[in-house]
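# Tertiary structure, described
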Amino acid sequence: MEKEKILIAENIVRTYSSGGQKVNAIKGINLTVMKGEIVIIVGRSGSGKTTFLNVLGGLLTPDSGNVLIRGKSLYKLSEKERAAIRNKEYGFVFQNFNLINELSVLNNIRLPYDIASKYYDIELERKVLKMLGLEKRVKFYPEQLSGGEKQRVAIARSLLMNPKIILADEPTGNLDPDTAWDIMQLLDEINRRGTTVIMATHAKSFVNILRKRVVTLSDGRIIGDVQKGRYGYIV
Ligand code: ADP
Ligand code: MG
């Protein structure tokens, strides 16, 4: 059976205007991601990684071009339909964790269910908490957690919605190197279990070690797209 093209970005262009200045953040990007792939997006600060991920995730409308997620054209839908697809298909993981400080770990990871008025999936919850080593942290509040634990909570929250794709924007950007490595391994493990992962990162040393497809952005364009073996090349 032919592998599914889970996500296709076609000719994406995105500019920002601020203070009368125009910034061409994305200058025509095409990318096809297959189901089950793990794609690492690298590139120096300002190269367009965050903008591109946000466009891929239905969070930022491009000036032109389109994103197809499992055959559906994201930016031809209404905002409401797009939000529904975001909730159903994507999990988001950010550099600053995006946890709610007033909620316990358990209530943080259940928040998407509360917002969607869905019944909790207790079995999946237990499995995910165990996999992430968070069973003993469910009653803690974010301020009582280390950075690595906060990121694991954020990952748990995204996994509970059973996303088809995880989009992670510099998920290790605020972590010390050892913890960052743990989170990288975790995302790799999640990918091995079947979830497509697209991650922007600065952490080039890790990219060298894990088997990956590495897409390099420079000044709003793709300048490299290579598939690495288990031990990779030097980026
Ligand atoms: P990266 O994530 O690789 O650092 P970004 O996508 O954040 O890159 O930014 C790409 C370019 O777009 C940069 O030049 C940045 O300054 C600019 N940019 C990003 N967000 C905005 C914004 N909200 N308003 C104006 N310019 C922006
Ligand atoms: Mg960024």
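Below, the structure is looked at part by part. Quick caveat, the model's predicted, so the values are computed rather than measured.

### Some thoughts on the packing of helix H3 (residues 105-115) against helix H5 (residues 147-160)
Running from N to C, H3 and H5 cross one another at 30 degrees; their axes reach a closest spacing of 8 Å. Looking at the two axes, H3 sits roughly parallel to H5. Here H3 runs over H5; the crossing is right-handed. Residues Val 105, Asn 108, Ile 109, Pro 112 and Tyr 113 of H3 form the contact with H5, whose own contacting residues are Val 153, Ala 156, Arg 157 and Leu 160.

### A closer look at the environment of Val 33
Position of Val 33 relative to the elements: it lies in strand E2 (residues 21-34). Looking at Val 33, the relative accessible area reads 0%, which means it is buried. Put simply, Val 33 and Leu 103 are 70 residues apart on the chain and 35 Å apart in space, counted from C-alpha to C-alpha. Not counting residues up to four positions away in its chain, the partners in contact with Val 33 are Glu 4, Lys 5, Ile 6, Leu 7, Val 39, Thr 196, Ile 198 and Arg 213.

### What about the environment of Gly 194?
Looking at where Gly 194 falls in the secondary structure, it is placed in the loop between helix H6 (177-192) and strand E8 (196-200). With 12 residues separating them along the chain, Gly 194 and Asp 182 place their C-alpha atoms 19 Å apart.

### What to know about the sheet that holds strand E1 (residues 5-18)
As summarised here, the arrangement of the 4 strands in space is E2-E1-E4-E5, forming an open sheet in which the pairing is antiparallel. Each of the sheet's edge strands pairs with one partner strand only, and the pair in question is E2 and strand E5 (72-73). Judged from the 2 bridges that link them, strand E4 (residues 64-69) and E5 form a sheet pairing that is antiparallel. Its bridge partner lying in E5, Leu 68 is registered against Ser 73. Sheet contacts for helix H1 (residues 49-56): E1, E2 and E4; angle to E1, the most-contacted strand, approximately 125 degrees.

### Here's the deal with the packing of aromatic side chains
The full count for this structure, using the stated rule, is 3 aromatic pairs. Taken together through their ring pairs, the aromatic side chains of Tyr 90, Phe 92 and Phe 94 make up a single cluster. A cation over an aromatic ring shows up here: Arg 110 above the ring of Tyr 120, its NZ or CZ 4.2 Å from the ring centre. Against the face of Phe 140 rests Arg 137, its NZ or CZ located 4.9 Å from the ring centre.

### Thoughts on the site of ligand 1
The local shell around ligand 1 consists of Tyr 16, Ser 18, Val 23, Ala 25, Arg 44, Ser 45, Gly 46, Ser 47, Gly 48, Lys 49, Thr 50 and Thr 51. Gly 48 is positioned such that a nitrogen or oxygen atom in its backbone is 3.1 Å from an oxygen atom of ligand 1. In the model, an oxygen atom of ligand 1 is placed 2.5 Å from a nitrogen or oxygen of the Thr 51 side chain. A total of 560 Å² of accessible area belongs to ligand 1 in isolation, and the protein chains cover 63% of it. Counting only elements with at least two residues in the shell around ligand 1, the list comes to E1, E2 and H1. No other element matches H1, which puts 3 residues into the shell around ligand 1.

### Examining the environment of Ala 116
For Ala 116, the location among the structural elements is in the loop between H3 and helix H4 (122-131). Residue classification places Ala 116 among the partly exposed residues on the basis of a relative accessible area of 40%. Along the chain, Ala 116 and Leu 77 lie 39 residues apart, while their C-alpha atoms are 20 Å from each other.

### Focus: H5
The end-to-end C-alpha distance of H5 is 20 Å, a good match for the 20 Å that 14 residues give at a rise of 1.5 Å each. Within H5 the residues assigned to the buried category are Gly 148, Glu 149, Gln 151, Val 153, Ala 154, Ile 155, Ala 156, Arg 157, Ser 158, Leu 159 and Leu 160. If you follow the buried residues of H5, they end up packed against strand E6 (90-94), H3, H4, strand E7 (165-169) and H6.

Criteria and thresholds
Residues numbered from 1 in each chain as written. Chains lettered and ligands numbered in written order. Predicted model: local features only at pLDDT ≥ 70, side-chain atom pairs only at ≥ 80, totals over all residues. Heavy atoms only, no water. Axes fitted to C-alpha atoms, helices over the stretch in contact; angles between N-to-C directions. Helix = DSSP H or I, 4+ residues; strand = E, 2+ residues; numbered from the N terminus. Parallel < 35°, antiparallel > 145°, perpendicular 65-115°, else oblique. Left-handed = near helix turned anticlockwise from the far one by under 90°. Contact = heavy atoms within 4.5 Å. Buried < 20%, exposed > 50% of the residue type's maximum accessible area, 1.4 Å probe, protein only. Pairing = 2+ DSSP bridges. Phe/Tyr/Trp six-rings, centres within 6.5 Å; stacked < 30°, edge-to-face > 60°. Lys NZ or Arg CZ within 6 Å of the ring centre and 35° of its normal. Near = heavy atom within 4 Å. Polar contact = N/O pair within 3.5 Å; in protein donor to acceptor, adjacent residues only side chain to side chain. Areas by Shrake-Rupley, 256 points an atom, 1.4 Å probe, with all protein chains shown as cover. Expected span 1.5 Å × (residues − 1).

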